[in-house]
Amino acid sequence: MSSFNQAVIEEFRANAGRVGGPFEGSELILLTTTGARSGKPHTVPLGFVRDPLHGGDAGGGGTLLVVASAGGADRHPAWFHNLLARPLVQVETAAGEYEAVAVPAEGARRDELFAHVVGEEPGYGEYQERTRRVIPVVALQRTHGAPAGEGGVAGKLLEVHGWLRAQLVLVREQARGAGPGSLGMQLRQHCLAFCHSLEFHHRAEDAGLFPYLEQQHPHLREFFRRIDAEHRVIARLQEELVDALDGPPGTGPGTGFSERVERLSRELEAHLDNEEAQLLPVLRALEG
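Residues numbered from 1 in each chain as written. Predicted model: local features only at pLDDT ≥ 70, side-chain atom pairs only at ≥ 80, totals over all residues. Heavy atoms only, no water.

A. Geometry of the overall build of the protein. Helix and strand content of the protein: eight helices and seven strands. The proportion of buried residues among the 288 residues of the protein is 43%. Within the protein, contacts between residues separated by at least 24 positions form 67% of all contacts whose residues are at least 6 apart in sequence. (Helix = DSSP H or I, 4+ residues; strand = E, 2+ residues; numbered from the N terminus. Buried < 20%, exposed > 50% of the residue type's maximum accessible area, 1.4 Å probe, protein only. Contact = heavy atoms within 4.5 Å.)

B. How the structure looks around the environment of G72. Mapping G72 onto the fold places it in the loop between β4 (64-67) and α2 (78-85). Separated by 54 residues in the primary sequence, G72 and E126 have C-alpha atoms spaced 7.7 Å apart. Once you skip the residues sitting within four places of it in the chain, G72 turns out to touch Y127, R130 and T131.

C. Layout of the pattern of salt bridges. Evaluated as defined, the whole model comprises 14 salt bridges. In this structure, D273 engages R165 in a salt bridge whose closest nitrogen and oxygen atoms are separated by 2.9 Å. Within this pair, whereas D273 is found in helix α8 (residues 254-287), its partner R165 is found in helix α5 (residues 152-176), the two being separated by 108 residues in sequence. Overall, D273 belongs to the partly exposed group, its relative accessible area being 45%. According to the relative accessible area criterion, R165 is partly exposed, its value standing at 27%. When salt bridges with common partners are traced through the structure, they connect D51, R109 and E112 into a single cluster. (Salt bridge = Lys/Arg side-chain N within 4 Å of Asp/Glu carboxyl O.)

D. Fine view of the packing of aromatic side chains. Following the criterion strictly, the structure yields three aromatic pairs and no others. Aromatic pair Y124 and Y127: ring centres 6.0 Å apart, planes at 75°, arrangement edge-to-face. Residue Y124 and its partner Y127 are located together in helix α4 (residues 123-129), separated by three residues, close to a single helical turn. By relative accessible area, Y124 is classed as buried at 15%. Of the residues examined, Y127 reaches a relative accessible area of 26% and is grouped as partly exposed. (Phe/Tyr/Trp six-rings, centres within 6.5 Å; stacked < 30°, edge-to-face > 60°.)

E. How the structure looks around the packing of helix α6 (residues 185-216) against helix α7 (residues 221-245). Orientation of α6 relative to α7, taken along the N-to-C sense of each, is 160°, at an axis distance of 10 Å. Compared by their axis directions, α6 and α7 come out roughly antiparallel. Judged by the twist between their axes, the crossing of α6 over α7 is left-handed. Residues R188, C191, L192, C195, L198, E199, H202, E205, D206, F210, L213 and E214 of α6 form the contact with α7, whose own contacting residues are R221, F224, R225, I227, H231, I234, Q238, L241, V242 and L245. Residue composition of the contact of α6 with α7, grouped by class: 12 nonpolar, three polar and seven charged. (Axes fitted to C-alpha atoms, helices over the stretch in contact; angles between N-to-C directions. Parallel < 35°, antiparallel > 145°, perpendicular 65-115°, else oblique. Left-handed = near helix turned anticlockwise from the far one by under 90°. Nonpolar A, V, L, I, M, F, W, Y, C, P; charged D, E, K, R; others polar.)

F. Layout of the nonpolar core. Ranked by size, the top nonpolar core spans 20 residues in total, and within it C191, F194, L241, F257 and L268 carry the most contacts. Elements supplying a minimum of two residues to this core: α5, α6, α7 and α8. At six residues, the largest contribution of residues to this core is made by α6. Once you skip the residues sitting within four places of it in the chain, L241 turns out to touch C191, C195, F257, R260, V261 and L264. Counting residues in each nonpolar core, the second largest holds 18 residues, with I29, L46, F48 and A100 among its members. (Core = buried A, V, L, I, M, F, W, Y, C linked by side-chain atoms within 4.5 Å.)

G. Here's a closer look at the confidence of the model for the protein. Confidence along the protein averages 88 in pLDDT terms, with 89% of residues attaining 70 or more. A low-confidence stretch, residues 249-254 stays under pLDDT 50, and its non-local contacts, those more than four residues away or across chains, total 12 contacts. (pLDDT = per-residue confidence, 0-100.)

H. Representation of the state of the cysteines in the model. By the definition in use, this model includes zero disulfides. The closest cysteine sulfur to the non-disulfide-bonded C191 is located on C195, 4.2 Å from its own sulfur. Taking the relative accessible area as the measure of exposure, C195 reaches 1% and is therefore buried. (Disulfide = S-S within 2.5 Å.)

I. Quick peek at the sheet that holds β4. Spatially, seven strands are ordered β2-β1-β5-β6-β7-β4-β3 in an open sheet, and the strand pairing comes out antiparallel. A strand with exactly one partner marks an edge of an open sheet, and here the two such strands are β2 (41-47) and β3 (49-50). Its contacts with the sheet place α2 against β1 (28-34), β2, β4, β5 (88-92), β6 (97-104) and β7 (137-142), and it is angled at close to 55° to β1. Running at roughly 135° to β6, α6 makes contact with β5, β6 and β7 of the sheet. (Pairing = 2+ DSSP bridges.)

Shown next, in the form of structure tokens:
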């Protein structure tokens, strides 16, 4: 990270989103992506424009647009490559922080949004004139999971499961609407965000929570063996989806992709229901 960006980030966080220098009077966000190669968090300060259809305010429920201009350079900025590999991002505004799925706009929609961006911030039009590449416009779509409920580990489990269920519903709806040869960026990004989050959740359970609970409750050993087998089945289905997303351009998901999503949905919903039925009483007893 450049020393200039680091100074802007520190000033942003120290002054509730207000910065001076060349950005004085401008609204900024801090966008944190996950490095495509390193897997490490990467934070950059960015200007933004509100989506004309889903705008709201920067701290509310609206969708924000960021532009991968790189000052008109001929290469996309690193943060854009990161969000293509790992679409789940963190957004910091003057009002707070939230999680979002980053979705680059495509085709006519991109052109429409870019025209809106230039109308709000003409400098982006000048950047486009400097390069042959089509400068991407990225929508930061806030994620939503289960509403806040109980606390403790039981509450956290329900929160994560609620997030996964909400994302799965969205992916299923998008997959059902995807025709042959039409794997859109919206579906790709949300599907990747869901798959990566599910993989991380299961690894955390396998490495931490489940060994601890099995040690405390040896009678659950057989249950955890079944859960491990379910994790393996679900992981294989996830890999098939990700492979389809990264397939040759123009091949599209077709009917087979939708069927894979439906199969994963059935397996995962049964798995989450079973896990909650067995573990929530145990977790609540530990915290009681």
